[in-house]
Amino acid sequence: MVILIVVSIPIAFVNELNSIAALVLVRGADFLSVFDKAQRDALAMLFINLHNRGFSVAEIFWGLWLFPLGLLVYRSRFLPRFLGVWLAIAGFAWVTLSLTGVLLPQYVDKVYTYSQPAFFGEIALMLWLVIKGARPPALDAAIR
């Protein structure tokens with residue numbers, strides 16, 4: 001489970017280079033004087049679009065880690081099982097949204113709209129833990 005998050009971190013960091021490149025182009029450093037403003041703006045937009053695509057690649061791993069987390073919540077009996085199912089559905093929704101962003105970016109808005117209820121699974125888990133907490137079985141029941 002941890003490996004999925006660890007893989008996404010370098011992807012996210014390398015992806016930030018696209019944002020830095022766009023910023024350098026927009027600020028117009030001296031070595032960019034060979035390009036006119038329209039060319040620099042076009043290149044900056046290219047790097048911003050690349051950043052969006054790179055973010056979608058990192059999101060794939062952010063969605064994949066929800067599958068083992070959902071399984072752990074489902075099997076734990078400390079938390080309601082519906083939260084584990086909801087987390088697995090959220091993982092599927094994130095992976096679907098991410099792959100759509102990479103392969104069919106023109107449909108991202110539609111997929112995002114339909115996936116919205118699934119994304120609340122992570123928020124539901126957080127709120128459940130903050131408000132109700134995890135209730136381990138009583139020690140007497142565990143011994144029997």
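One structure accompanies this document, and this report is about it. This is a predicted model, so every value here is computed, not measured.

## Overview of the layout of surface pockets
In this structure, the largest pocket spans a volume of roughly 270 Å³. Along its surface, the largest pocket is lined by 13 residues, and Asn-52, Ser-56, Glu-59, Gly-101 and Val-108 are the ones closest to its centre. Every element with two or more residues in the lining of the largest pocket is listed here: helix 2 (37-64), helix 4 (81-103) and helix 5 (108-131). Its residues assigned to classes, the lining of the largest pocket comprises six nonpolar, five polar and two charged.

## Brief notes about the environment of Leu-23
With respect to the helices and strands, the residue Leu-23 is situated in helix 1 (residues 2-27). Judged by its relative accessible area of 46%, Leu-23 is partly exposed. Expressed as a C-alpha distance, the spacing of Leu-23 and Leu-97, which sit 74 residues apart in the sequence, is 27 Å.

## Thoughts on helix 1
Over its 26 residues, helix 1 extends 38 Å from the first C-alpha to the last, a length consistent with the 38 Å expected when each residue adds 1.5 Å. Where helix 1 is concerned, the buried positions are Leu-4, Ser-8, Asn-15, Asn-18, Ala-22 and Leu-25. Looking at the buried positions of helix 1, the neighbouring elements they touch are helix 2 and helix 3 (66-76). Immediately beyond the C-terminal end of helix 1, within one or two residues, lies Gly-28, with a positive phi of roughly 70°.

The rules behind these values
- Residues numbered from 1 in each chain as written.
- Predicted model: local features only at pLDDT ≥ 70, side-chain atom pairs only at ≥ 80, totals over all residues.
- Heavy atoms only, no water.
- 1 Å grid on protein atoms, 1.4 Å probe; cavity = no way out; pocket = protein on both sides within 12 Å on 5 of 7 lines; lining within 4 Å.
- Points joined across faces, edges and corners; volume = space filled by probe spheres on them.
- Helix = DSSP H or I, 4+ residues; strand = E, 2+ residues; numbered from the N terminus.
- Nonpolar A, V, L, I, M, F, W, Y, C, P; charged D, E, K, R; others polar.
- Buried < 20%, exposed > 50% of the residue type's maximum accessible area, 1.4 Å probe, protein only.
- Expected span 1.5 Å × (residues − 1).
- Contact = heavy atoms within 4.5 Å.

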